[in-house]
2 protein chains.
Amino acid sequence: MPYFDAASAAPLHPVARQALLASLDEGWADPARLYREGRRARLLLDAAREAAAEAVGCRPDELVFTPSGTRAVHAGISGSLAGRRRVGNRIVVSAVEHSSVLHAAESHTAAGGTLTEVPVARSGAVDTDVFAAALDSGTALACLQSANHEVGTAQPVAEVAEACRAAGVPLLVDAAQSLGWGPVEGGWSLLAASAHKWGGPAGVGLLAVRKGVRFAPQGPSDERESGRAPGFENLPAIVAAAASLRAGRAEAAAEGARLRALVDRIRARVPELVPDVEVVGDPVRRLPHLVTFSCLYVDGETLLHELDREGFSVSSGSSCTSSTLTPSHVLRAMGVLSEGNVRVSLPAGTAAEDVDRFLDVLPGVVAGVRERLGAPASAPAAGAADSASLVVDALGRRCPIPVIELAKVIGDVPVGGTVTVLADDAAARLDIPAWCEMRGQEYVGESPSERGGVAYLVRRLT
Amino acid sequence: MPYFDAASAAPLHPVARQALLASLDEGWADPARLYREGRRARLLLDAAREAAAEAVGCRPDELVFTPSGTRAVHAGISGSLAGRRRVGNRIVVSAVEHSSVLHAAESHTAAGGTLTEVPVARSGAVDTDVFAAALDSGTALACLQSANHEVGTAQPVAEVAEACRAAGVPLLVDAAQSLGWGPVEGGWSLLAASAHKWGGPAGVGLLAVRKGVRFAPQGPSDERESGRAPGFENLPAIVAAAASLRAGRAEAAAEGARLRALVDRIRARVPELVPDVEVVGDPVRRLPHLVTFSCLYVDGETLLHELDREGFSVSSGSSCTSSTLTPSHVLRAMGVLSEGNVRVSLPAGTAAEDVDRFLDVLPGVVAGVRERLGAPASAPAAGAADSASLVVDALGRRCPIPVIELAKVIGDVPVGGTVTVLADDAAARLDIPAWCEMRGQEYVGESPSERGGVAYLVRRLT
């Protein structure tokens, strides 16, 4: 049963499992204690810290273990903002950061701080010059992920770190998606990551803070982990996390190349096999194991269910999945189609046959969903063209219905005629322009609708 | 090799180990996902929450899992203080709370809040009337442990909860030390605990917040665990925590009675076997498995080392242990001797023979340490009594030297004469009065010393 959602949580690496078992016996005591069980725990903790620091590329005393990647990001951001309070209160982040970064930034603005979101290109990458231009003398901290968690695009971290250094601003890198594949290059100041993304256990994140970076831990004081991560150390999991990071790195070059080729196959084949698909993210500067595409006229939740029935576990940035009614902020920032969105992220060891079977199954699944939703055929129907403009009322209808309704009638207006789609679903704002771009039609713009919601105006060009 | 420090961290319960192993295979995926691995993880999480809630005595939707007991306390305190910000900014805590509570309270005062510390009796217990008197109309939150972590004394939680209810103040109970032995009685509002104290794994705490209690989670928002505990769920450890809580409870009545008898044996035998010992804490209203005593003329660190060499792992609230130069705030609040302090906390399953061997070994170990430190014999020497007052200069000397020097010369002054001890070690302020009480001498008081430090005045009575 192929699990293709490593970017959410990777299955436990065998080495992590072994290390966890061994340290359940050896590492359950309090490493601050002086008796033998405590000393043994301390040795394990020190060794884990050294191994993790080596993999990160920092000194052991620069690295602390946290209870999760999210907590590492929160502690890193709050600590460095507080440490540089006198410099200013601006935080600069890319628009496609992980929600843990964006939520920490929102928490900062709720407390009176200022936030600048740096936009991204359609590939999902920031432009170094644009990022650099956002840094000002009142900027306390900049944050940039090493690679995006939803579309896989690698960010120009080394270049942005250089720009940050020139501006005297520390850069926090969220390396959650990439650390298993290799160290983050460049002169970053802080780095956060999460063990369960690289095949380690849940319950372990890490935060590296370079010597010389101003840092003032927030919240109640605690003597453990340099005062940066309160609470009893989750030692067996920490040992397992460090061991699996090291083990995964030993395999990373070969396995990364193998998965990269599998992803290339998906990137190439999906548009050939499935009509009306947009594969998103940078095709080259990207994570080895992750690819995302969106299918017109499909809703994400149904697609996930159908793929799950076929045995494939994937995730989606579409709205209309059970937990959200708005499309992923990443897809929105990129300006790409969000409907029928599928993220495939291959865990280490994924069999090529499983990828092939996914490619076999996908076209039928998408076609089935489209058929049930009454999606139009790929080419616009050569309609009667009796009216130069039409209005489609999709108020109260969820993604992908507004786009489907648009596609159904576009052939009914003459070339040069317009279709106005009335919709109140959040995804329409993203998906109607994306549809126009994919189908060679002109997206004219939006205006408030008298009947509630928004009126999206589209002109038929072909 | 007997490990007698269960109050720091209990060895993993066999059921916890089994459950952890099973859920490493079944529970590594993201429980928010819709595919089968995610649904399986969600089922495990829901079942663990139900089991834990049953053991706590609350509804499952009142309970969240946190990364540690410390984080549960921090989140519980900050969330309820924020939720009742309009009522007032006072937090009331007992003087003997765990450091996680005291640090959270300090963090509150650093942000402008007010703190009232309720004193305790020599037994370590608060008086309900005194606690109730500290609650005023501006009190946002009160905190009381179920039982003390250093001396084992049980607090009158049900009575204090009633007083809090009458005053309209929510009560947070830190149940870290007692939850494995049984639910906390009474009408508490919030409850925090820590799995590695009951034989569960590290990396799991729990926080219960009763419906109707005003609560506003602090820090960056997160959709998991009702917004009260950010970060990816540490599911295998959560499952193991819940399973071991349930399993431990099934054994708690019988095992608690057995350990209670072993502790009674220690409480009775230690003063018979070792001269100049003070057994502290309430002898009856107490945790079943924990006993603490202090030995005059002994330094805690050396005592721990010697006991470790004999194979016994215990902890100490003395100063002069490697991590601190001040005695435990608990012993200080109780006003009991802090030097030569030993905490014995027996894990479930402790063999009676190990306790007997401890009682065999202890007298020789204490005598050896005393001999090396040049401690006086138990009775004051019938000295020459040539001077009515003496001054002992122990400036720059660490615990227990100031007390040893005092004991050496007390016989050199006549009955009615005085000894002044000059000392700058923090423990002297606690231990010189405690020595006077133990030896039937009069502690007159302290004054600043002209030569630095403090002058402690003692009058010989016997």
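Now for a look at the structure at hand. Note that this is a predicted model, so its numbers are computed, not measured. (Residues numbered from 1 in each chain as written. Chains lettered and ligands numbered in written order. Predicted model: local features only at pLDDT ≥ 70, side-chain atom pairs only at ≥ 80, totals over all residues. Heavy atoms only, no water.)

## Some points on the pattern of salt bridges
- Scanning the model with the defined rule gives 58 salt bridges over all chains in all.
- Close ionic contact of R372(B) with E306(B) constitutes a salt bridge, the shortest N to O distance being 3.6 Å. A residue pair is termed long-range when its members are at least 10 positions apart, and R372(B) in helix α10 (residues 352-373) and E306(B) in helix α8 (residues 300-309) qualify at 66 residues.
- Look at E306(B) and you get buried, because its relative accessible area is 18%.
- A salt bridge links D393(B) to R451(B), with the shortest nitrogen-to-oxygen separation between them at 2.4 Å. Pair noted here: D393(B) is in strand β11 (residues 389-394) and R451(B) is in the loop between β13 (442-448) and β14 (454-459), with a separation of 58 residues, a long-range link.
- D393(B) gets classed as partly exposed once you look at its relative accessible area, which sits at 38%.
- In the salt-bridge network here, residues are joined through shared partners; they are D5(A), R343(A), D30(B) and R33(B). (Salt bridge = Lys/Arg side-chain N within 4 Å of Asp/Glu carboxyl O. Helix = DSSP H or I, 4+ residues; strand = E, 2+ residues; numbered from the N terminus. Buried < 20%, exposed > 50% of the residue type's maximum accessible area, 1.4 Å probe, protein only.)

## A word on the packing of aromatic side chains
- This model, assessed by the stated rule, comprises 10 aromatic pairs over all chains.
- On the basis of an interplanar angle of 45° and a centroid distance of 5.7 Å, the ring pair of F4(B) and F312(B) is categorised as tilted. Of the two residues, F4(B) sits in the segment before α1 (14-26) while F312(B) sits in the loop between α8 and α9 (329-334), which places them 308 residues apart along the sequence. For the pair formed by F4(B) and F312(B), the shared burial category is buried.
- Taken together, Y3(A), W28(B) and Y35(B) form an aromatic cluster joined through their ring pairs.
- Here the guanidinium or amino end of R210(A) rests over the ring plane of W188(A), the centre of that ring lying 3.9 Å away. (Phe/Tyr/Trp six-rings, centres within 6.5 Å; stacked < 30°, edge-to-face > 60°. Lys NZ or Arg CZ within 6 Å of the ring centre and 35° of its normal.)

## Side note on the nonpolar core
- Formed by 59 residues in total, the largest nonpolar core has its most connected members in V56(A), F65(A), F131(A), L171(A), L191(A) and L206(A).
- Both domains that furnish three or more residues to this core are identified here as domain 1 (14-216 + 231-248) and domain 2 (252-373) of chain A.
- With sequence-adjacent residues up to four places away left out, L191(A) is seen in contact with V56(A), V173(A), A175(A), V184(A), L206(A), L207(A) and A208(A).
- Residues F131(B), C164(B), V169(B) and W198(B) belong to the second largest nonpolar core, which totals 58 residues. (Core = buried A, V, L, I, M, F, W, Y, C linked by side-chain atoms within 4.5 Å. Domains from an automatic or database assignment. Contact = heavy atoms within 4.5 Å.)

## Remarks on helix α6 (residues 157-167) of chain B
Residues and elements named next belong to chain B.
- For α6, the complete set of buried residues consists of V157, V160, A161, A163 and C164. The buried residues of α6 all sit within an arc of 160° when viewed along its axis, so they share a single face. Exposed and oriented more than 90 degrees from the buried face of α6 are R165 and A166.
- Where α6 is buried, its residues touch α5 (128-134), β4 (139-145) and β5 (171-174). (Arc of directions from axis to C-beta.)

## Some points on the pairing of strand β14 (residues 454-459) of chain A
All names here are of chain A.
- Bridging between strand β12 (residues 418-423) and β14 involves 6 bridges; their strand directions are antiparallel. Across the sheet, the residue bridging to L422 is A455, located in β14.
- Note that strand β13 (residues 442-448) and β14 share 6 bridges and pair antiparallel. When the bridges of β14 are listed, S447 appears paired with A455.
- Here β13 folds back onto β14, and the loop between the two strands holds 5 residues, one of which, G452, carries a positive phi near 95°. (Pairing = 2+ DSSP bridges.)

## A closer look at the relation of the copies chain A and chain B
- Of the two same-sequence chains, chain A is brought onto chain B (RMSD 0.0 Å, axial shift 0.0 Å) by a rotation of 180°. The symmetry that links the two subunits is that of a two-fold axis.
- Both copies share a contact surface, since 98% of the interface residues of chain A are interface residues in chain B too. (Least-squares fit on C-alpha atoms with pLDDT ≥ 70 in both.)

## Looking at the environment of S123(A)
Residues and elements named next belong to chain A.
- Checked against the element boundaries, S123 lands in the loop between β3 (114-118) and α5 (128-134).
- With 210 residues separating them along the chain, S123 and A333 place their C-alpha atoms 10.0 Å apart.
- Setting aside chain neighbours within four positions, we find S123 in contact with V151, T153, G281, D282 and M334.
- At a separation of 3.2 Å, a polar atom in the side chain of S123 contacts the main-chain amide nitrogen of A125. (Polar contact = N/O pair within 3.5 Å; in protein donor to acceptor, adjacent residues only side chain to side chain.)

## What to know about the sheet that holds strand β6 (residues 190-194) of chain A
Residue and element names in this part refer to chain A.
- Taken together, 7 strands build an open sheet; the order of strands is β1-β7-β6-β5-β4-β2-β3 and the sheet is mixed. A single partner strand is all that each edge strand has here, and the edge strands are β1 (63-66) and β3. Strand after strand, the sheet turns through a mean of 20° between neighbouring axes, direction not considered.
- Where strand β5 (residues 171-174) lies against β6, 3 bridges are found, and the strand directions are parallel. Across the sheet, the residue bridging to D174 is A192, located in β6.
- The strands that helix α6 (residues 157-167) touches are β4 (139-145) and β5; relative to β5, the one it contacts most, it runs at about 160°. (Axes fitted to C-alpha atoms, helices over the stretch in contact; angles between N-to-C directions.)

## Things to note about the environment of I401(B)
Residue and element names in this part refer to chain B.
- Secondary-structure assignment places I401 in helix α11 (residues 401-409).
- On the accessibility criterion, I401 (11% relative accessible area) is buried.
- For the pair I401 and A375, spaced 26 residues apart in sequence, the C-alpha to C-alpha distance is 8.5 Å.

## Some words on the side chain of R267(A)
Residue and element names in this part refer to chain A.
- As for its position among the elements, R267 is in helix α7 (residues 235-273).
- Here R267 sits buried without a salt bridge, and the closest side chain of opposite charge, D264, lies 5.4 Å off (N-O distance).
- A polar side-chain atom of R267 sits 3.0 Å from the main-chain carbonyl oxygen of G281.
- Leave out the neighbours within four places in its chain, and R267 touches V279, V280, G281, D282, P283, R286 and V291. (Lys, Arg positive; Asp, Glu negative; His and termini not counted.)

## Digging into the pairing of strand β6 (residues 190-194) of chain B
Residues and elements named next belong to chain B.
- Taken across its 5 residues, β6 has 5 buried, putting it largely inside the fold.
- Judged by which residues are buried, β6 turns out to be covered on both faces: L190, A192 and S194 on one side and L191 and A193 on the other are all buried.
- Inspection of the sheet shows β6 paired to strand β7 (residues 205-209) by 5 bridges, in the antiparallel sense. Counterpart to S194 in the pairing with β7 is G205.

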